[in-house]
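# Coordinate inspection notes
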Amino acid sequence: MYPGSFDPPTNGHLDLIERGAKIFEELVVAILRNSEKSPMFAVSERLSMLRELTANLKNVRIDTFDGLMVEYAKSLNATCILRGIRAISDYEYELQMALMNRKLEPTLETVFMMPADKYSYVSSRLVREVAQAGGPVKGLVPEVVEQKLREKITTPKRETRAIEILDRIDLGGKELDPKGTKRKKKA
Ligand code: PNS
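What this report covers is the structure whose coordinates are included nearby.

Calculation criteria
Residues numbered from 1 in each chain as written. Predicted model: local features only at pLDDT ≥ 70, side-chain atom pairs only at ≥ 80, totals over all residues. Heavy atoms only, no water. 1 Å grid on protein atoms, 1.4 Å probe; cavity = no way out; pocket = protein on both sides within 12 Å on 5 of 7 lines; lining within 4 Å. Points joined across faces, edges and corners; volume = space filled by probe spheres on them. Helix = DSSP H or I, 4+ residues; strand = E, 2+ residues; numbered from the N terminus. Nonpolar A, V, L, I, M, F, W, Y, C, P; charged D, E, K, R; others polar. Near = heavy atom within 4 Å. Polar contact = N/O pair within 3.5 Å; in protein donor to acceptor, adjacent residues only side chain to side chain. Pairing = 2+ DSSP bridges. Axes fitted to C-alpha atoms, helices over the stretch in contact; angles between N-to-C directions. Contact = heavy atoms within 4.5 Å. Phe/Tyr/Trp six-rings, centres within 6.5 Å; stacked < 30°, edge-to-face > 60°. Buried < 20%, exposed > 50% of the residue type's maximum accessible area, 1.4 Å probe, protein only. Salt bridge = Lys/Arg side-chain N within 4 Å of Asp/Glu carboxyl O.

### Brief notes about the layout of surface pockets
In this approach, a probe sized like a water molecule rolls over the atoms, and the result shows the empty space that is left. Roughly 760 Å³ of volume is contained in the largest pocket. Forming the boundary of the largest pocket are 28 residues, of which Gly4, Ser5, His13, Arg83 and Glu94 lie nearest the centre. Those elements that provide at least two residues to the lining of the largest pocket are strand E1 (2–4), helix H1 (11–23), strand E4 (80–84), helix H4 (88–104) and helix H5 (124–132). It is H4 that provides the largest number of residues to the lining of the largest pocket, a total of four residues. The residue inventory of the lining of the largest pocket, partitioned by class, reads 11 nonpolar, nine polar and eight charged.

### What about the site of the ligand?
Close to the ligand lie Gly4, Ser5, Leu32, Phe65, Gly67, Leu68, Met69, Arg83, Met97, Met100 and Asn101. In the environment of the ligand, an oxygen atom lies 2.6 Å from a nitrogen or oxygen atom belonging to the side chain of Ser5. One of the backbone nitrogen or oxygen atoms of Met69 is found 2.8 Å away from an oxygen atom of the ligand. Looking at which element gives the most residues to the shell around the ligand, the answer is H4, with three residues. Grouping the constituent residues of the shell around the ligand by class yields six nonpolar, four polar and one charged.

### Thoughts on the sheet that holds strand E2 (residues 27–32)
Paired through their backbone hydrogen bonds, the strands of a sheet run either parallel or antiparallel. Taking strand neighbours across the sheet as the criterion, the three strands line up as E1-E2-E3 in an open arrangement whose pairing is parallel. Pairing within the sheet leaves two strands with one partner each, and these edge strands are E1 and strand E3 (60–65). Between one strand axis and the next, the sheet turns through 20° on average, direction left out of account. Contacts between H1 and the sheet are confined to E1, E2 and E3, with E2 contributing the most and set at about 150° to the helix. The sheet strands contacting helix H2 (residues 43–53) are E2 and E3, and the helix crosses E2 at an angle near 155°.

### Quick look at the packing of aromatic side chains
A complete count under the given rule lists two aromatic pairs for this structure. Relative to Phe6, the ring of Tyr2 lies with its centre 5.2 Å away and its plane at 90°, an arrangement referred to as edge-to-face. Across the pair, exposure class does not vary: Tyr2 and Phe6 are buried alike. Ring geometry for Phe65 against Tyr72: centres 5.5 Å apart, planes inclined by 20°, an arrangement best described as stacked. On the basis of relative accessibility, which here comes to 12%, the residue Tyr72 falls in the buried class.

### A short note on the pattern of salt bridges
Tallying each qualifying case throughout the model produces 15 salt bridges. The shortest N-O distance in the salt bridge between Arg19 and Asp15 comes to 2.6 Å. Taken as a pair, Arg19 and Asp15 lie in helix H1 at a separation of four residues, close to a single helical turn. Here Asp15 falls in the buried class, since its relative accessible area comes to 10%. A single network of salt bridges, built from pairs that share partners, joins Asp7, Arg46 and Arg128.

### With respect to empty space enclosed by the protein
For the coordinates displayed, the defined rule picks out one cavity of 30 Å³ or more. In this structure, the largest cavity spans a volume of roughly 30 Å³. Every residue along the wall of the largest cavity is listed here: Ile81, Arg83, Glu94, Met97, Ala98, Asn101, Thr110 and Phe112. At the level of secondary structure, the elements contributing two or more residues to the lining of the largest cavity comprise E4, H4 and strand E5 (109–113). When the residues that make up the lining of the largest cavity are grouped by side-chain class, the tally is four nonpolar, two polar and two charged.

As structure tokens, this is what we get:
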């Protein structure tokens, strides 16, 4: 299982998925549903982008999860968690996370892989930052993501609202009525 936020998927993510698909029998790429308060892309958009990008990889499946990653991994009968390490700066956080996950579920191993060095500086956060400031992201993300980023930047307000609505639908409408103000049915 390769968990992450993928907001948006980058060439680094794709590189890691391809490497993972070569060494694992099956790879489930799992998008965390509630990672950030204001994501750039709705979970459903990330899901469809990743599905399109990995359509040629027959042993790769894209899914979403909520709550503890180890619980979702267990529900899949996954044996390994795949994570990417780009530079030594990633190591501390990744080690901490791997050890915490091992504490939570000792049977699950974390496997680290390095993406191609040409992607060692690429992160979703920086891609969002560059794109939002009108900079080029060609070569850092797949073309379909580049196109989607362009669309976001040109229609920001409407998009932000659309993401909120899409994410609420993704969450099964659980957050549609946060204050519990819906009228209760009469007994
Ligand atoms: O792409 P990211 O944002 O670096 O991925 C982080 C992710 C989704 C792998 C991590 O935040 C996660 O697993 N969250 C789920 C909640 C959980 O299990 N937390 C404990 C991890 S030690």
